[in-house]
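Each chain, letter by letter, is given below.
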Amino acid sequence: MIPFERDGHELVSELDDFEVALISSLVAQVSELIGSGGVEASSDPFAQWAREMRGSAPLDRSDPVVARLFPDAYDDEAAAAEHRRYSQDALRRERIEQSCVVLADLAATRDGEEPLVIALEDVDAWLRTLNGVRISLAVRLGIESESDHAALEKLSARDPRTQLVALYDWLGFVLESLLEAAHEG
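The shown structure was predicted, so the numbers you read here are calculated from the model rather than taken from an experiment.

*Asks:* How should I be thinking about the sheet that holds strand β3 (residues 116-119) in this particular structure?
*Replies:* One key point about sheets: their strands pair by backbone hydrogen bonds, in either a parallel or an antiparallel sense. Pairing in this open sheet of three strands is antiparallel, and the strands run β1-β2-β3 from one edge to the other. Whereas interior strands pair on both sides, the edge strands pair on one side only; in this sheet they are β1 (2-7) and β3. Across the sheet, the mean angle separating the axes of adjacent strands is 25° when strand polarity is ignored. In this sheet, strand β2 (residues 10-14) lies alongside β1 in antiparallel orientation, the contact comprising four bridges.

Structural data, given as structure tokens:
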């Protein structure tokens, strides 16, 4: 990956075909994990509100990735459940919509044949989506602190987790490059 550069109101980078496929696959996997739960996109605010009041299929909070991506707002379980009831659909829909932005931008590269171009108004969707993927990897790897990460960096090259640690680090580089380019000029 060539680091992002700002070009007017866009951020531009070049990705190899395998990088496009890798990010697309990871984003799709996280989107599938959280699922739509019957959440449908609608531009009608009343229709969205009505659906949110009805509720949709609850998130599988037994999965630690889902629990980390959608943390409880309250320590009290009853208050946390009530908050989830009124906010889960909107939060889920937002993550799915952001993932769709990322996947559309990646598809526009035609498997890396064209540069990746991100409109400045879509940077937040990219940051949130890639950070969600990175959080998912951290949960699966057991990274909760710098020392956890440091211990994983010392793994033998034969340990299969080394590839996931390298991917976690690479996504950190992508996020850093994206942030730096977004804040240029």
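*Asks:* For this particular structure, what's the right way to read the packing of aromatic side chains?
*Replies:* Working definition: an aromatic ring pair is given by the centre-to-centre distance plus the angle between the planes. Summed over all chains, the structure comprises zero aromatic pairs. The ring of phenylalanine 70 carries arginine 95 above its face, with NZ or CZ at 5.7 Å from the centroid. The positively charged end of arginine 134 is found above the aromatic ring belonging to tyrosine 168, 3.9 Å away from the centroid.

*Asks:* Is there a simple way to explain the pairing of β2 in this structure?
*Replies:* Put simply, side chains in a regular strand alternate between the two faces of the sheet. Side chains of β2 alternate between two faces, with Leu11 and Ser13 buried and Glu10, Val12 and Glu14 left unburied. Between β1 and β2, which pair antiparallel and follow one another directly, the connecting turn spans two residues, one of which, glycine 8, has a positive phi of 65°. One ladder, built from four bridges, connects β2 with β3; its direction is antiparallel. Across the sheet, the residue bridging to glutamate 10 is alanine 119, located in β3.

*Asks:* For this particular structure, what's the right way to read the pattern of salt bridges?
*Replies:* A side chain of one charge can pair with a side chain of the opposite charge when the charged atoms of the two come close. Throughout the structure, instances matching the rule amount to nine salt bridges. Two residues, arginine 61 and aspartate 72, come together in a salt bridge whose shortest N-O distance is 2.8 Å. Of this pair, arginine 61 sits in the loop between α2 (45-54) and α3 (64-69) while aspartate 72 sits in the loop between α3 and α4 (77-107), and the two are 11 residues apart along the sequence. A relative accessible area of 33% means that aspartate 72 is categorised as partly exposed. A single salt-bridge network, built from bridges that share partners, covers Arg61, Asp72, Glu77 and Arg84.

Analysis parameters
Residues numbered from 1 in each chain as written. Predicted model: local features only at pLDDT ≥ 70, side-chain atom pairs only at ≥ 80, totals over all residues. Heavy atoms only, no water. Pairing = 2+ DSSP bridges. Helix = DSSP H or I, 4+ residues; strand = E, 2+ residues; numbered from the N terminus. Axes fitted to C-alpha atoms, helices over the stretch in contact; angles between N-to-C directions. Phe/Tyr/Trp six-rings, centres within 6.5 Å; stacked < 30°, edge-to-face > 60°. Lys NZ or Arg CZ within 6 Å of the ring centre and 35° of its normal. Buried < 20%, exposed > 50% of the residue type's maximum accessible area, 1.4 Å probe, protein only. Salt bridge = Lys/Arg side-chain N within 4 Å of Asp/Glu carboxyl O.

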